[in-house]
2 protein chains.
Amino acid sequence: MLHAAFLRSPYAHARIEAIDTRAARALAGVHAVYTAADIAPHLKLPRIPVGMPSGAIRHVLDPEVLASREVCHVGEAVAMVVAQDRATAEDAARLIDVDYAPLAAVVDPVAGLDPGAPRARLDCADNLVASFRVGYGDCGRAFTDAPVALRENFLLHKGGGHSMEGRGVLAQPDPASDGIVVFDSTQMPHRAKALLVAMLGLPEHRVRVVAPDVGGGFGPKFVFYPEEVAVPLAARLLGRPVRWLEDRWEHFVATTQERDQIWDVEIAADQDGRLRGIRGTLVHDHGAYTPYGIALPSNSATNLIGPYVLPAYDLDVSLVITNKVPATPTRGAGRPQGTFVMERLLDRVAEKLGLDRGDIRRRNMIAPDQMPYVTGVKTRDGGTMTYDSGDYPACMATALETAGWGGFRTRQAEARKAGRHIGIGLANYVEGTGRGPFEAAGVRVGPSGRIVISTGATAQGQGVATVLAQICADQLGVDLSAIDVIAGDTAASPLGLGAFASRQAATAGSAVLSASHIVREKILAAASSRLEVAPADLTLRDGRVEVVGAPGSGVTIADLARDLQGLPGYALPGGLAPGLAAEAVFEPPAITYCNGTHVVEVEVDPETGAVRLLRWIVVHDCGRLLNPTLVEGQIRGGVAHGIGQALYEWMRYDDTGQPTTTTYADYLLPGAAEVPRIEIAHLESPSPQNPLGVKGAGESGTIPAAAAIAAAVEDALAPFGVRVTQLPITPRRLLAQLPIVSEDLGAVLTPGRQAAEP
Amino acid sequence: MLHAAFLRSPYAHARIEAIDTRAARALAGVHAVYTAADIAPHLKLPRIPVGMPSGAIRHVLDPEVLASREVCHVGEAVAMVVAQDRATAEDAARLIDVDYAPLAAVVDPVAGLDPGAPRARLDCADNLVASFRVGYGDCGRAFTDAPVALRENFLLHKGGGHSMEGRGVLAQPDPASDGIVVFDSTQMPHRAKALLVAMLGLPEHRVRVVAPDVGGGFGPKFVFYPEEVAVPLAARLLGRPVRWLEDRWEHFVATTQERDQIWDVEIAADQDGRLRGIRGTLVHDHGAYTPYGIALPSNSATNLIGPYVLPAYDLDVSLVITNKVPATPTRGAGRPQGTFVMERLLDRVAEKLGLDRGDIRRRNMIAPDQMPYVTGVKTRDGGTMTYDSGDYPACMATALETAGWGGFRTRQAEARKAGRHIGIGLANYVEGTGRGPFEAAGVRVGPSGRIVISTGATAQGQGVATVLAQICADQLGVDLSAIDVIAGDTAASPLGLGAFASRQAATAGSAVLSASHIVREKILAAASSRLEVAPADLTLRDGRVEVVGAPGSGVTIADLARDLQGLPGYALPGGLAPGLAAEAVFEPPAITYCNGTHVVEVEVDPETGAVRLLRWIVVHDCGRLLNPTLVEGQIRGGVAHGIGQALYEWMRYDDTGQPTTTTYADYLLPGAAEVPRIEIAHLESPSPQNPLGVKGAGESGTIPAAAAIAAAVEDALAPFGVRVTQLPITPRRLLAQLPIVSEDLGAVLTPGRQAAEP
């Protein structure tokens, strides 16, 4: 096996004038050095067609595998070295001499929209990659003579995936088929395969992509990256396995992240707090390329509505090219931003009207008898976003009751007397999950007695294999341990999509249910034929088909599988078709919407700006619960991710587009000490969109976290009039609004600092 | 990669007292030495369960992977060495010290039936492995007062497969799945996988068997051999790829062959030559193990009937264990023997009645209006052997006319005047082909534009890939070059049987037709949706769906495949299910019977006994012809195989069971010079048993070859009263019956020699 390393751009924006690889090639242990010019003859397409289509996109910004003439962000790959080991490959990469002509970089997306701004990409006449409006109803009328109207600006920062393991690609030539097997840390192995087919010009059956346990996905591993073409191409050219593993620096500069959103929004309400409308603008920092289309800011915009009746809505969304790594979804996929804006606006209206924050939400909530609830928002496919089921008021009521919301003011007053600044915050959310168009699964019983589920779904620690095995085990009357799940291997499942949009239990789960049911019926038919007992008198238990009332009787499903394997020249028993197996595809008729309420209690130290999380209550409704332990694990992980985004994660760039936070000393993530015990309760409103009645749960924990923390922090610091409109909520940002100046820390804590930190 | 060699028994029958492998293990370059005791802990079953079930079998004689206590034929594997290269492995094998206690061997199957005979296997009380009767009607009545009745003995020898390439196994551990990939020269990869699963105790999804082009199959590669377990097991134990390639000596002593049959039969006929009945006994040399059940002599027995109305039939069949390599089918699978007996008997009756050999056949032939013709013979599944279609008289008439049968006596007389002994022979046959229970195939159109057919059928040079691609290309309107066929890979096709019984065009072909038709319909539906044109107005041509009358219009099927691949979150077009693909299984309702007539003209040199083939005419009916070139290639190869069996191939053993013909200097095969130009004409009687109307053709050329040659040789040597009742027809056997003694060769050519050569 050989090892690859990439030479990456040190400039946010530059023209490549020349590349000299001679010294690198001459280094002992180097097998190959590739530039864009070297690989061009072997690629069927000059750029990776990663973009997802949308009429709103004005510039298609597909990346190159290796930059040929222009680099558009620090970290963009310019050359690849393949060597006997990684150290040699890195040493050789440093010997490559690239002659760059630096260009002006676009770092601030709002400034990038200015007609006089420099161009972030030489091939685009301006920096507006896409713009669109989300809305419905008559906002003009809603705001006319509105009893309450207010405006607010939000600067929302969202970090990266920061999976436990970075990305990695191991490509192994398969001499028997003149093909390539690619072990790839992707959430989307079938999409990776399709793009490899397109880029390398190989037929489908000579490309196999396997996504094993990938050490965490969280969104960035949805994206198909240049390394995923470069490494397989090198393996083919060299006839050797080639591996590349992302190092942590590369994860900061070459793996996508969610970037800043700047919201400028107004809200109008009646005197009793009932919403009339919301309008405004959203500027979205899109990064340098378009590997995901417009889904991310689109999710932000549509998710704002949440569980509320919002009569009118009008948001103008602009996606701006900047010289940073591309922005693509991480857990929550833009929804935390929409939820943050809505929940903050509701808190503002409540404050203005002197309403309890729970009351204003209760007054605006969609009632269970309004389900299915048709919002005014159009979906990607031209339909209308429709919530399928849920009891939002019950969900919030349970959370508030658990949190002791009604008694909090008393507790808060007592704490303040004791010099402690505690606060409570509340946020509701709705999340569209279980997205299509389909997922595929096969179930096969082998004569060995083992059962294999093969699926296009992928496993990255969500517990997909466990949930799918559970569904199958229930149908076939076998122990979980009898089932193996092959997820994310294009050779095992020719059809598939993969992991995104909290979709796999709903889609792959339903496909497994369907395939398992067919297999169950066939087992009963085969056993009926062999035992000469009516299917109605048979039952499945412990891997056997037993005659009802006679434990240990009957036949094992392994023996039935052997019968149906087929013996040369002998008829199959019972007139049955061969194989104790079935394949199924589930195509969800529509998206299914989970929902929940988080209530957070915090304590803030006004001298240091430190926020301590005292209590975290989640009431969550993801439809039928298949495995509470897994759902709760997902929620806890999601909350931790949300805590990071609310309080710690901040990917910063200087004015030239140089990233300044590329280690975990500079870029903070919550550790175990920062995550409180999370109290979880469930409601179960079955979804009508799939036979299991399930909804997604993988991202939901993240969505309301920052909104709830912001509300709690404001509540804790209410005596000081602190406003939280920016993420992350750093101590410095809080201290800048606090009138108390620590003598120890001196002048840096004046309010004037706030403007200096966008 | 490491290399394996096997230590094989030098005795036909012996007890293993002890094995000392120390010296072998100590040799430099040796990685492992395995005996039965070494591998026993790693095997789930002590013997390979290769037998195919039959109630007639008295002793189940499954082989061990490595012999533990008893060796039953020369060549049986006793130990395996794995080393850095084959030469080292062989050197080490020679260093293994096996202490054998020789036992009496059974070599002659007739003698083996004697109650006082030694036992060929210590674990069997006698040597009769199975016995059964084939027959129907009242033979007693048929022979009572029969105007003509005669009896004849036949000793029929049939050799081996002698494929261009011997067997081979390359096993490669797959660390990613803790599984094993086995490249195996098998006709039956799915059966090999099932047996590996059973023997190694691995679940099905961790075993992949790939049967690439295997250098010729011909029957022996149907069998699953000990090496096919031993090599994968070694690869797993050593964690390295291990390869074993059969050498030519091993092909003679460790690969199955067809062995001797001894027929003692009587025929009864009316005065006009119409058959009344046939009865007698068949003793079949079964070899030392039972890797195939009773199918081979059963085929011989049932095939005797051929295209004739035979009112009564009674054959007593005995299978005898001998200390030779097991007997399993080679091309024709026992049918050449049955055909030989029937055609020889018809010639005898014709001679006795003074009838033309064509006339007697014509009088007994099944007429086309009798189709489907129900014979009296029961099939394996309890049905009755029923010929599906065919015009046997027309087939023979065409052959005789082409051969100038009517004018041959004149030509023969002229030749004799010139001192040349020419003769003509005729043989008809019927062959059951296209056997079930099923075959599977998938057809998948990729966005690359390439189409993949995956099938459980296997390719060994028969042209399976071409025929399957043709069937698909016709349906999808694409060029053959757009199609790749993956045959014989258990990973590509989870269901499958493989190559036997001339079955693949009928079974896999029909499965491909079915799958292709489904894909065609889906292509039209997808194109109709995309183009907004009714399917009836669309046509498929050159990989496009065109609007009728507008060449170049429309859309490529590659683009339709891309549409149906599914894009995350976007609905599939036209309400269609994902994937431009279909899988199908074809289960033939019954066997389909091909037939034909061969007419052979020979010249025999009475001084040397040399037989020269002057002319060979085949009229063949395998139903609808999918690809005449391939059918004719198969027939030519089959005839060559039959010529070898008739004139050259003779696997001989001495009285102790030592094989004496284990090189191609001792064992003769026909070369190009021995095979005449073969003139082929076709009739096409479509089979009603499959939608293509096809029948098998792969073995048919072999079936009547020996019978036709025997008849022609007898005819050529009629003036000398020579009788041909034994195969092969060696010069020595002919000379023994010829009154002319060559002065050069002396006393060895006296008639008395005949008895000495059984």
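Throughout this document, residue positions are counted from 1 along each chain, in the order its sequence is written. Going through the entries in the order they are written, you letter the chains from A and number the ligands from 1. Under the rules for a predicted model, residues below a pLDDT of 70 receive no local features and side-chain atom pairs below 80 are neither given nor counted, while totals for whole chains, interfaces and linings still include all residues. Side-chain measures were taken over the full set of non-hydrogen atoms in the model, leaving aside hydrogen atoms and water.

If you look chain A up in an unreviewed UniProt entry, it shows as Aldehyde oxidase/xanthine dehydrogenase a/b hammerhead domain-containing protein from Rhodoplanes roseus.

Where helices and strands are cited, they refer to DSSP runs of H or I of at least four residues and of E of at least two residues respectively, numbered from the N terminus. Looking only at helices and strands, chain A features 19 helices and 28 strands. Radius of gyration means the value over C-alpha atoms here, while the globule rule gives 2.2 Å times the residue count to the 0.38 power. Computed over its C-alpha atoms, the radius of gyration of chain A comes to 28 Å, within 12% of the 27 Å expected for a compact globule of 758 residues. If one aligns the C-alpha atoms of chain A with their principal axes, the spans along those axes are about 90 × 75 × 50 Å. A total of 758 residues make up chain A; the buried ones form 62% of that total. Residue contacts are counted whenever heavy atoms from the two residues lie within 4.5 Å of one another. Restricting to contacts in chain A with at least 6 residues of sequence separation, those with at least 24 account for 79%. For the area figures, the Shrake-Rupley method with a 1.4 Å probe applies, and any residue is considered shielded solely by the protein chains shown. Put simply, chain A shows about 26,200 Å² of open surface, and 51% of that area lies on carbon and sulfur atoms. Of the side chains in chain A, 68 bear a positive and 84 a negative charge, and the two mean positions are spaced by 1 Å. The buried label goes to any residue with under 20% of its type's maximum accessible area, the exposed label to any with over 50%, and the partly exposed label to all in between, with areas taken from a 1.4 Å probe on protein chains only. Neither His nor the chain ends is counted toward charge; the positive residues are Lys and Arg and the negative residues Asp and Glu. A charge is said to be at NZ when it belongs to Lys, at CZ for Arg, at CG for Asp and at CD for Glu.

Moving on to the domain arrangement of chain A. All names here are of chain A. Each domain's limits were defined by an automated method or a database of domain assignments. Domain parsing of chain A yields domain 1 (2-103 + 168-245), domain 2 (261-378 + 385-434 + 589-756) and domain 3 (439-586). Taken together, the contact between domain 2 and domain 3 spans 18 residues of the former and 16 residues of the latter. When domain 2 packs against domain 3, the two sides together hide about 1,300 Å² of surface, and 65% of this comes from carbon and sulfur. Note on definitions: salt bridges are taken to be side-chain nitrogens of Lys or Arg within 4 Å of carboxyl oxygens of Asp or Glu. Taken together, the connections running from domain 2 to domain 3 amount to 0 salt bridges. Pairs of N or O atoms within 3.5 Å make up the polar contacts considered here, provided that, within protein, one atom can donate a hydrogen while the other can accept it, and that residues adjacent in sequence are counted only when both atoms are side-chain atoms. Taken together, the links from domain 2 to domain 3 amount to 6 residue pairs in polar contact (both at pLDDT 80 or more). A quick way to say it: buried area is the sum, across both parts, of accessible area lost when two parts are put together, with a 1.4 Å probe.

A separate point is the pattern of salt bridges. All names here are of chain A. Applying the stated rule across the entire model yields 89 salt bridges over all chains. Between Glu250 and Arg86 there is a salt bridge; the shortest N-O distance is 3.2 Å. Placement of Glu250 in helix H8 (residues 248-254) and of Arg86 in helix H3 (residues 86-94) is noted, with a sequence separation of 164 residues between them. For Glu250, a relative accessible area of 3% gives the class buried. Taken together, the salt bridges that share partners define one network made up of Arg8, Arg86, Glu90, Asp91, Arg94, Arg167, Glu227, Glu246, Asp247 and Glu250.

Residues and elements named next belong to chain A. Definition of nonpolar core: a set of buried residues of the types Ala, Val, Leu, Ile, Met, Phe, Trp, Tyr and Cys, connected through side-chain atoms within 4.5 Å. By size, the foremost hydrophobic cluster in this structure holds 106 residues, and its most contacted members are Tyr313, Tyr387, Trp616, Ile709 and Val713. By residue number, the principal contributor to this core is helix H18 (residues 705-716), which donates 9 residues. Shared between two domains, this core holds at least three residues of each, these being domain 1 (2-103 + 168-245) and domain 2 (261-378 + 385-434 + 589-756). The contacts of Tyr387, once residues within four sequence positions are left out, are Ile305, Gly306, Ile366, Met371, Pro372, Tyr373, Thr375, Tyr392, Val430 and Tyr593.

Another point: the interface of chain A and chain B. Listed per partner, the contact involves 46 residues of chain A and 46 residues of chain B. With both chains or domains summed, chain A and chain B bury close to 3,600 Å², and 66% of this area falls on carbon and sulfur atoms. Taken as a group, A:His205, A:Pro568 and A:Tyr570 account for 17% of the area that chain A buries against chain B, more than any other trio of residues on that side. On inspection of chain A and its partner chain B, the count reaches 0 salt bridges. Put simply, the parts of the chain that give the side of chain A that touches chain B at least two residues each are helix H6 (189-200) and strand S21 (483-487) of chain A. Ranked by residue count, the leading element in the side of chain A that touches chain B is H6(A), at 3 residues. Polar here means any residue other than Ala, Val, Leu, Ile, Met, Phe, Trp, Tyr, Cys and Pro, which are nonpolar, and Asp, Glu, Lys and Arg, which are charged; Gly is therefore polar. The class makeup of the residues in the side of chain A that touches chain B is 29 nonpolar, 8 polar and 9 charged.

Glancing now at the environment of A:Leu614. Residue and element names in this part refer to chain A. Considering the arrangement of structural elements, one finds Leu614 in strand S27 (residues 610-621). Sequence spacing of Leu614 and Asp316 is 298 residues, and the spatial spacing of their C-alpha atoms is 38 Å. If sequence neighbours within four positions are ignored, Leu614 has contacts with Arg420, Ile422, Glu601, Val602 and Glu603.

What follows deals with the relation of the copies chain A and chain B. A least-squares superposition brings the copies together, and it is based on the C-alpha atoms of residues with pLDDT no lower than 70 in both. Superposing chain A onto chain B takes a rotation of 180 degrees plus a shift of 0.0 Å along the axis, which leaves an RMSD of 0.1 Å. In short, the pair behaves as if placed about a two-fold rotation axis. If distances are taken from each C-alpha of chain A to the rotation axis, the shortest is found for A:Ala491, at 3.7 Å. In this assembly the copies share their binding face: 100% of the residues contributing to the interface of chain A also contribute to that of chain B.

The next subject is the packing of aromatic side chains. Two aromatic rings, drawn from Phe, Tyr or Trp (for Trp, its six-membered ring), form a pair once their centres lie within 6.5 Å of each other, and the interplanar angle then sorts them: stacked below 30 degrees, edge-to-face above 60, tilted otherwise. As enumerated under the stated definition, the model contains 24 aromatic pairs over all chains in all. Comment: the charge-over-ring label is applied if NZ (Lys) or CZ (Arg) is within 6 Å of the ring centre and within 35 degrees of the ring normal. A cation sits over an aromatic face here: A:Arg652 above A:Trp650, 3.9 Å from the ring centre.

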